[in-house]
Amino acid sequence: MVKSCAAINCTKRFKKGENIKFHKFPKDEVLRKKWLLAVRRKDFIPKDSSLICSKHFVEEDYYINVHGNKNLKVGSVPSVFDFPGKIQKKTPRRKLIRKGVEEPNVEEENGPSTSLSSSNLFKRDVTTTSVLTESTLARQPKRRKRQNPIYMGDFEEDDLQNPVKRRKYWEISQATLRKQQKTIKMLRIKTRRYENKISSLNSLLDDLKEKNKLTAQSSLILKSMVL
């Protein structure tokens, strides 16, 4: 099944090599409800395959982990959408002139029109959207990178003031250090093996050269290939 975005007016689909991520709707009921309110799709019930692409999140909704991958922060809510406008077209009033007499204006006869102009509708829609955005942001809790830290990058500076989190940070940092030391040790072993092989090949080339089975020019060429 092709991955596609469930947001209104979004036609993004998964393409190999394109730097766009797709996120499933959260299983947490509170956060899931926030996503549904943000999407604004009437009677929409997301399935397990329903996705929202990264175009609908701001840069602050992501963080880079220790492996260099871009991940969505826990508690993030999509906030960038292209909703259809609510601007209504104003029907022009026609004035008919019969026998040199202008017909009375319908608006003047029936009183002021209750319909709003397109510009007023647009201004009202923008104002309402800005107010909703500000109130939504005010209600949102402080976003954290991860509820249960796994990597050193999951911690914040304030976490070190908490004894429990400070202990957790120490354990993860020590585990990371041991892993890096183990990797360095393996790389040193491999380097030593390659150096021994190069030394053996150089000795073999020198021996062949002494026995006049290899010219000096051929020996230099082979040595450069080994190195």
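Residues numbered from 1 in each chain as written. Predicted model: local features only at pLDDT ≥ 70, side-chain atom pairs only at ≥ 80, totals over all residues. Heavy atoms only, no water.

Caption draft 1: Broad picture of the overall build of the protein chain. Each helix and strand counted, the protein chain has 5 helices and 6 strands in total. Of the regular secondary structure in the protein chain, the N- to C-terminal order runs β-α-β-β-β-β-β-α-α-α-α. Looking at the protein chain as a whole, 19% of its 227 residues qualify as buried. Here the analysis covers contacts within the protein chain between residues at least 6 apart in sequence; of these, 50% occur between residues at least 24 apart. Carbon and sulfur atoms make up 53% of the accessible area of the protein chain, which totals about 18800 Å². (Helix = DSSP H or I, 4+ residues; strand = E, 2+ residues; numbered from the N terminus. Buried < 20%, exposed > 50% of the residue type's maximum accessible area, 1.4 Å probe, protein only. Contact = heavy atoms within 4.5 Å. Areas by Shrake-Rupley, 256 points an atom, 1.4 Å probe, with all protein chains shown as cover.)

Caption draft 2: Geometry of unusual backbone geometry. Phi is positive for N9, which is not a glycine, with a value near 60°. Mapped onto the fold, N9 is located in the segment before strand 1 (22-24).

Caption draft 3: Fine view of helix 1 (residues 29-39). Among the residues of helix 1, those classed as buried are L31, R32, W35, A38 and V39. What you see down the axis of helix 1 is that its buried residues fit within an arc of 120°, all on one side. Opposite the packed face of helix 1, turned more than 90 degrees from it, sit the exposed residues E29, V30, K33 and L37. Contacts made by the buried residues of helix 1 are with strand 1, strand 2 (51-53) and strand 4 (70-72). Its side-chain oxygen placed 3.4 Å from the backbone nitrogen of V30, D28 serves as the N-cap of helix 1. Looking one or two places after helix 1, you find R40, whose phi comes out positive at around 60°. (Arc of directions from axis to C-beta. Polar contact = N/O pair within 3.5 Å; in protein donor to acceptor, adjacent residues only side chain to side chain.)

Caption draft 4: Layout of the pattern of salt bridges. All chains considered together, the criterion is met by 3 salt bridges. Salt-bridge contacts for E18 lead to K12; the nearest nitrogen and oxygen are separated by 3.1 Å. For E18, a relative accessible area of 31% gives the class partly exposed. By relative accessible area, which is 24% here, K12 ends up partly exposed. Across the salt bridge formed by R167 and E171, the nearest N and O atoms sit 3.5 Å from each other. Linking R167 with E171, this pair stays in helix 4 (residues 163-210), spanning 4 residues, or about one helical turn. The partly exposed category is assigned to E171, whose relative accessible area is 39%. (Salt bridge = Lys/Arg side-chain N within 4 Å of Asp/Glu carboxyl O.)

Caption draft 5: View of the side chain of S54. For S54, the location among the structural elements is in the loop between strand 2 and strand 3 (62-64). Excluding its chain neighbours within four sequence positions, the residues that come into contact with S54 are I20, K21, H23 and Y62.

Caption draft 6: Expanded view of the environment of H56. Along the chain, H56 turns up in the loop between strand 2 and strand 3. Overall, the relative accessible area of 5% leaves H56 in the buried class. Sequence separation between H56 and D82 is 26 residues, and the spatial gap between their C-alpha atoms is 9.1 Å. Setting aside chain neighbours within four positions, we find H56 in contact with C5, A7, C10, P78, S79, V80 and F81.

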